[in-house]
Structures are given as C-alpha cells and as structure tokens.
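Chain by chain, the residues run as shown.
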Amino acid sequence: RWGYGKEDGPSVWYKNYPVAEGSRQSPIDIVPNEASRDRSLDPIIINYDQCTSINISNNGHSVVVEFNDSDDRSVIKGGPLDNPYRLKQFHFHWGGKGCEGSEHTVSGTGFASELHLVHWNAVKYKTFGEASTAPDGLAVLGIFLETGDDHRWLHMITDVLYMVKYKDSITNFKGFNPKCLLPSRLHYWTYLGSLTTPPLHESVIWIVLKEPIEVSEKQLGMFRMLLFTGEEDDQRLRMENNFRPPQPLKGRIVHSSN
Ligand SMILES: Cc1cc(C(C)C)[n+](CCc2cnc[nH]2)c(C(C)C)c1
Ligand SMILES: [Zn+2]
C-alpha cells in the first residue's frame, strides 16, 4: 500500500495512482501576491454550533476525529461554495521538527502542521464516498499550525492521543466542537484541488485560512508519539512527516478573499 516513506511515499504514488500527475493536484505553494483578489468572494460561514464529535482514531496515516453527518447540523457555506458542505471529519498533517509539516506552503514557507476539516456536498451527492470522486464533492478547510504558546483547547485532543497510539485504534470522543480550533480571522485563499493522499481524487474545493493558530512545541510533540504501525506489527514507525509536498499549479488561479 502507500505511505510516507522512501519506498511507498509521495514520489512513487503515481505508479498506482496516475492522477498524481493530474491537472488539479494538492497541496500547492500559495504565492499571495500572485493570487487574484476577488471582491466578489463572500466570507465563509462556519456553523459548527450543533456539532459534536463521535470518535477519534488512528488510520495509519493520521489521527482523525469523526462527526455525525446525518444532517446539516455542522456545515460550511458561503465563500466559493454554491451549497452548504457537511463536516465529516478532521485530521492533521505534521513534521518531525518545527519548520516543516504542513502540506500547503506560503511563498515557499511551510508551517509545523496543518489541520484539515473535511466537508462534503450532501445537496448534490447521496454519500461521502460518491462526493469524494466528484469535482465539487468535497470542501476542505485548511488551517496552519505554528509553534508558540500552548493552544488552550488542543489539549482536549493531545490528552487522548495515547488511546490511539497504534494503527487501526479508535476510541470514543464525544462533545468536541472544532470551532475552538479556528483562528480569529477567516480570511482565506481558495483553489480547485485534490485529496493529498491516494486515491488523490480531484474532488476538493480548498479553502486555506491565512491566519495560523498557535500550538506549543510540547503539544505538537504529542502527535509524534503516534505510530504508523499497528500493535502487532514487528516494526514500530513513529507517525511524523505525514505530508505531501506542493504539486504543480498547472495554470490554476488561486483566489484570495479580501
Ligand atoms: C480523515 C481523512 C484522512 C485521509 C488520509 C490521511 C488517509 N484522507 C485522504 C486524503 C487527504 C487527507 N488530507 C487531504 N486529503 C481523507 C480525505 C477523505 C479528505 C480524510
Ligand atoms: Zn489532510
């Protein structure tokens, strides 16, 4: 299968997933003064008030918090989106040391980590699976994490990571509302892209927030105690550097909210 190592990492994914060399792959390097400032771009609207989490798991690639997406209780809308998109899950990508770990970069600079809040278009598609292969099926909100002070709410997640240390482990994680992970300003860049891991479907409307959130080196270090490997595996591989590097823009325009 695929991973983030030398033998199975991003540089060889094209062998089993030819779309890796497609025309709308993610992530990308965002160059702010090459982005087109659209005054017509509305603010994004995030309604997470009725939102509650269900579980937290280690899928062997990242740590994932899942939500009940059986109704429109938690949605993102406005901005570049024609419909409300339902929150399905969020997860993180991070590095092995401070300066790299995010998937998107800004003028060539990476951040220590990147949070992805994954939403799907339940107006046009019946299931997440169907939406995940449609060109306007998913909307992923990307938030950069930079190291600095402790994040006052991230400990809710880092405190339970020991429960999902191994691949395929899962535990109850109710009542967590991810609005506490949002930065104060919702200015964003948006462009058409893809999933950043196989199957790399070109189905994502990316909304990347300009303002990072601050987390401490200690909190970030907790993510690195997770393992890519399972409890029974003879190899113990620390989960870190689970990010794909930026991909060619191939003529795409990045739009910038004001
Ligand atoms: C929770 C989750 C995890 C993953 C990867 C890390 C396997 N993926 C696959 C690819 C991806 C992760 N981040 C951007 N794309 C998704 C998709 C469906 C958005 C969701
Ligand atoms: Zn992701």
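Quick caveat: nothing in here was measured; it's all calculated off a predicted structure.

Draft legend 1. The overall build of the chain, seen in detail. Within the chain, the secondary structure is distributed over four helices and 15 strands. On C-alpha atoms alone, the chain measures out to a radius of gyration of 17 Å, which is about the 18 Å that the 2.2 N^0.38 rule sets for 258 residues. By its C-alpha atoms, the chain is 50 × 40 × 40 Å across when sized along the principal axes. A separation of at least 24 residues holds for 72% of the contacts in the chain among residues at least 6 apart in sequence. By element, 50% of the accessible surface of the chain is carried by carbon and sulfur atoms, the whole surface being about 11900 Å².

Draft legend 2. Focus on the coordination of the zinc ion (ligand 2). Here the zinc ion (ligand 2) is held by the protein donor atoms H91 (NE2), H93 (NE2) and H116 (ND1), which lie 2.0 Å from it. Around the zinc ion (ligand 2) sit four donor atoms; with metal-centred angles ranging over 99 to 121°, the donor geometry is tetrahedral. Between the donor residues of the zinc ion (ligand 2), the gaps in sequence give the motif H-x1-H-x22-H. One end of the pair, H93, is in strand 7 (residues 85-94); the other, H116, is in strand 9 (residues 113-120), and 23 residues separate them in sequence. Assigned by exposure class, H93 and H116 land together as buried.

Draft legend 3. Representation of the packing of aromatic side chains. This structure, assessed with the given rule, holds eleven aromatic pairs. Taking 5.5 Å as the distance between ring centres and 80° as the angle between the ring planes, the aromatic pair formed by W2 and W13 counts as edge-to-face. Highlighted residues: W2 in the segment before helix 1 (13-16) and W13 in helix 1, separated in sequence by eleven residues. W2 sits in the buried class, given a relative accessible area of 12%. Taking relative accessible area as the criterion, W13 reaches 2% and is therefore assigned buried. Each member of the aromatic cluster is reached from another via a ring pair, and the members are F67, F90, F92, W94, F173, F176 and F223. For K88, the ring lying beneath its charged end belongs to F128, and the centroid distance is 5.5 Å.

Conventions and cut-offs
Residues numbered from 1 in each chain as written. Chains lettered and ligands numbered in written order. Predicted model: local features only at pLDDT ≥ 70, side-chain atom pairs only at ≥ 80, totals over all residues. Heavy atoms only, no water. Helix = DSSP H or I, 4+ residues; strand = E, 2+ residues; numbered from the N terminus. Rg over C-alpha atoms; globule rule 2.2 N^0.38 Å. Contact = heavy atoms within 4.5 Å. Areas by Shrake-Rupley, 256 points an atom, 1.4 Å probe, with all protein chains shown as cover. Donors = N, O, S within 2.8 Å, 3.2 Å for Na, K, Ca; no water. Tetrahedral: all angles 85-135°; square planar, octahedral: opposite > 155°, others 65-115°. Buried < 20%, exposed > 50% of the residue type's maximum accessible area, 1.4 Å probe, protein only. Phe/Tyr/Trp six-rings, centres within 6.5 Å; stacked < 30°, edge-to-face > 60°. Lys NZ or Arg CZ within 6 Å of the ring centre and 35° of its normal.

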